[in-house]
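# Structural overview
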Amino acid sequence: MNRASRTPAGGPAPAAAAAPAPRPFDPRRVRAEFPILARAVRGKPLVYLDNAATTQKPVAVLEALDGFYRAHNANIHRAVHTLSQEATLAFDAARETVRRFLNAADAREVIFTRGTTEGINLVAQAWGRANLRAGDEVLLTTMEHHSNIVPWQLVAAERGAVVRVVPIDDAGTLDLDAFHRLLGPRTRLVAVGHVSNALGTVNPVADLARAAHAAGALVLVDGAQAVAHARVDVRALDADFYAFSGHKVFGPTGIGALYGKRALLEAMPPWQGGGDMIRTVSFAGSTWADLPSKFEAGTPDVAGAVGLGAALAWFSALPFDAVAAHEADLLAHGTEVLSRVPGLRLVGTSPHKASVLSFTLDGVHPHDIGTLLDLEGVAVRTGHHCAQPVMERYGVPATARASLALYNLRDDLDALVAALAKVRALFPL
Ligand code: C6P
C-alpha cells in the first residue's frame, strides 16, 4: 500500500459531497424515479410492501454505481495512478455524506461496514471483548432484531457478562419503568433498536441515552429501520454508537456504516486484521492505522460506498417533514383499512410507531398469506422477521408484515387489502 496516496478522511469535505438542494415532495413523481416499481409480477402491477427487508433504488443510485464502475473503478488508498486517486476521493466523499446524514462531528467517526449486523458485531467484538468483565450487564429489549441480540450473547458468554432484557407491553411499547429498574451500576451498555422491524415501535432513544449515561453506561442504537423514516442526529440522540444498513435507505446491499464517538473508537482495539488497517507490520508485532482505517481491514466495497453516498444525498434532498407526513398518512390509512379485514389482528399498535404493519389472519398461516399475496403482485414479508423473542411475546410463530417507504401510495395499501379479501375468501372464517 502506498500511504502517500491516502486522502485524509477527517479533513475538509471533498467537493463531491456538496450540500444537496432541497426539492418538493410528490410521492408519485418520486415513485417514478424507481424503475423496478414499474414492473409486473405474475401479470399484475408490482405492489412493493417489503421495504423493511430492503428498499428499492432510485435512478440516482443506479447511475452512481454504473458511473463508478464505468469511469472510475480502482482500488483505494493504494496507488498514485489517476483512477485510484479518483476512487479514493469518491470513497472519502461518500464518508463525508454519511457524516452529514448522521450529523456526526467528524468523518473519522464513520466506519464503513457491510451493514447493521456487521456494525453491531464490530462493537461487540472490539469494545465488548476489551471492556466487559464478569458480572457486567448488557441491557437489550424484547423487540431487538437477532442482530442486536446474538452478538451480545456471544461476547457475554466469552466474558462472563450478563444479558438483561427490558420487556414491552401488549401494544409493543417499551416498558420504561422496567428499563429504569433494570438499568443499574452493573450496566455497561444499553443496546436498543431505534425502530422495531417486527412491530414498528419507535423507541425514545434520546431519553434512554440520557438515563444510560447518568448510570455510567454506553448506548448503541440499531438504526436499521430508522434511517429511511426518521431524521437521525447522533449528537442530538447522544448515541455512543449508531449502526445502519445502506440497503434499507435506498442504497446498495453490502454496505452500511457504524458511527462511534471518536474517543471510544480510538480506545477500542481493531477487530479484524489485514490490509489498510495497519500503520506498521513486522513479525515482532504490528501497529494500527488511525480512524477510520483501523476498523476497515481489506478492500472495502468502494462502489457500494459511492452508491450509499448517492442514496443519502438523494434522500436528504427531499423535504423531510413532507415525507414524514406522507408516511404518517400511509400508516394511518393502512391501519384503518387492514382493521376492517375479518379476522385480522395487528401485532404492534404502539402510539409511537413508524412504517410497519405486522399482522396475523385467523385460520391462515402467514406463509400462505405471503404466497397468495404474491399471486396478486403484492410483496410482503412473512415469518419471524429475525425477531423470535417478539413472536414469543405475542404467542405467534410468525406474522405477515407490510412495510412502507416514501414511494408507497394509499393505492398500494388498498391493493393489499383487496388481495387479502381473496385470501379470506379461500379461508372463510
Ligand atoms: N431486518 C427485515 O426484514 P442487515 O441484515 O445487517 O442489513 O440488517 C439487520 C437488521 C438489524 N436490525 C434491524 C432492526 C433490522 O430490521 C435488520 C434487518 C430485515 O426486517 C431483514 S431480517
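This is a predicted model, so every value here is computed, not measured. (Residues numbered from 1 in each chain as written. Predicted model: local features only at pLDDT ≥ 70, side-chain atom pairs only at ≥ 80, totals over all residues. Heavy atoms only, no water.)

Our next topic: the packing of helix α3 (residues 82-102) against helix α10 (residues 302-316). Contact geometry for α3 and α10: axes closest at 8 Å, N-to-C directions at 40°. In terms of orientation, α3 and α10 fall into the oblique class. α3 and α10 meet at a crossing whose hand is left-handed. Side by side, α3 and α10 meet where A87, A90, F91, A94, T97, V98 and F101 of the first sit next to V302, A305, V306, L308, G309, L312, A313, F315 and S316 of the second. (Axes fitted to C-alpha atoms, helices over the stretch in contact; angles between N-to-C directions. Helix = DSSP H or I, 4+ residues; strand = E, 2+ residues; numbered from the N terminus. Parallel < 35°, antiparallel > 145°, perpendicular 65-115°, else oblique. Left-handed = near helix turned anticlockwise from the far one by under 90°. Contact = heavy atoms within 4.5 Å.)

With their axes 9 Å apart at the nearest point, helix α12 (residues 366-375) and helix α14 (residues 410-426) run at an angle of 120° to one another. Between α12 and α14, the angle falls in the class oblique. For the element pair α12 and α14, the recorded crossing hand is right-handed. Touching I369, L372 and L373 of α12 are L416, A419, L420, V423 and L426, all from α14. The class makeup of the residues in the contact of α12 with α14 is 8 nonpolar, no polar and no charged. (Nonpolar A, V, L, I, M, F, W, Y, C, P; charged D, E, K, R; others polar.)

Next up on the list: the confidence of the model for the protein chain. Taken over all residues, the pLDDT of the protein chain has a mean of 95, while the share at 70 or more is 95%. Per-residue pLDDT stays below 50 along residues 1-17; that stretch engages in 36 contacts with residues further than four places along the chain or on separate chains. (pLDDT = per-residue confidence, 0-100.)

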